[in-house]
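Listed below, chain by chain, are the residues.
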Amino acid sequence: MGLLLAGCGAASRPAQQQFVLVRDPLGNSALWLQTLNDAPARMLADQLTYFFFFSGTTVIYTVATTASSQLMRHDLASAAVRTLVDEPEASLTQAECSPRHDRVLYLRRPSELVDDEPQPPSIWRTSAPAQGVPAVPEVFSD
């Protein structure tokens, strides 16, 4: 099984440092959380297509299922998970933080073929708010 250490950060107690790992046993990537004590690793997300650290304890990632592609926000400190974008008609990937850390930019590629060819992706953006505030996706460039 291949492991990729994607990042690490200290929790509130120095002895409890946490690591976020991406495991790819058979081409199926997943996001995991592991502490330095003997506790077992905890899966945060499977069917992962891309991820990055948005801020200190917040991870933004995209997942793809047979029904849709989703842009997710996961606060590691509170364990709150939020779907920012749920897109049944396109694939979402390569999410990145804007320079001011107030928006998430990502690629959106429509699933529908045109003349048997995939359509080009476009850059979209959305806010990455905490719980209770709606995320509003919008086209950034075509």
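Heads up: these notes are all about the structure in this document. (Residues numbered from 1 in each chain as written. Predicted model: local features only at pLDDT ≥ 70, side-chain atom pairs only at ≥ 80, totals over all residues. Heavy atoms only, no water.)

1. Focus: the pattern of salt bridges
Under the criterion given, the structure shown has 1 salt bridge. Of the charged contacts, one joins Glu87 and Arg108 as a salt bridge, the two residues approaching to 3.2 Å between their closest N and O atoms. Linking Glu87 in strand E8 (residues 80-87) with Arg108 in strand E10 (residues 103-110), this pair joins segments that are 21 residues apart in sequence. The burial state of Glu87 is the same as that of Arg108; both residues are buried. (Salt bridge = Lys/Arg side-chain N within 4 Å of Asp/Glu carboxyl O. Helix = DSSP H or I, 4+ residues; strand = E, 2+ residues; numbered from the N terminus. Buried < 20%, exposed > 50% of the residue type's maximum accessible area, 1.4 Å probe, protein only.)

2. Examining the sheet that holds strand E7 (residues 69-75)
As summarised here, the arrangement of the 4 strands in space is E5-E6-E7-E8, forming an open sheet in which the pairing is antiparallel. The open sheet has two free edges, formed respectively by strand E5 (48-55) and E8, since each of these has just one partner strand. Each strand axis lies, on average, 20° off the axis of its neighbour in the sheet, ignoring direction. The pairing of strand E6 (residues 58-64) with E7 spans 7 bridges and is classified as antiparallel. Counterpart to Ala64 in the pairing with E7 is Ser69. (Pairing = 2+ DSSP bridges. Axes fitted to C-alpha atoms, helices over the stretch in contact; angles between N-to-C directions.)

3. Observations concerning the pairing of E7
For E7, the tally of buried residues reaches 6 of 7 residues, placing the bulk of the element in the interior. The hairpin turn running from E6 into E7, its antiparallel successor, is 4 residues long. Counting the residues that bridge the hairpin from E7 to E8 gives 4 residues, and of these Ala79 lies at a positive phi of roughly 70°.

4. Observations regarding the environment of Val139
Along the chain, Val139 falls in strand E14 (residues 138-141). Along the sequence, Val139 and Tyr106 sit 33 residues apart, while their C-alpha atoms lie 9.8 Å from each other. In this structure, Val139 is in contact with Ile123 and Trp124, ignoring residues within four places of it in sequence. (Contact = heavy atoms within 4.5 Å.)

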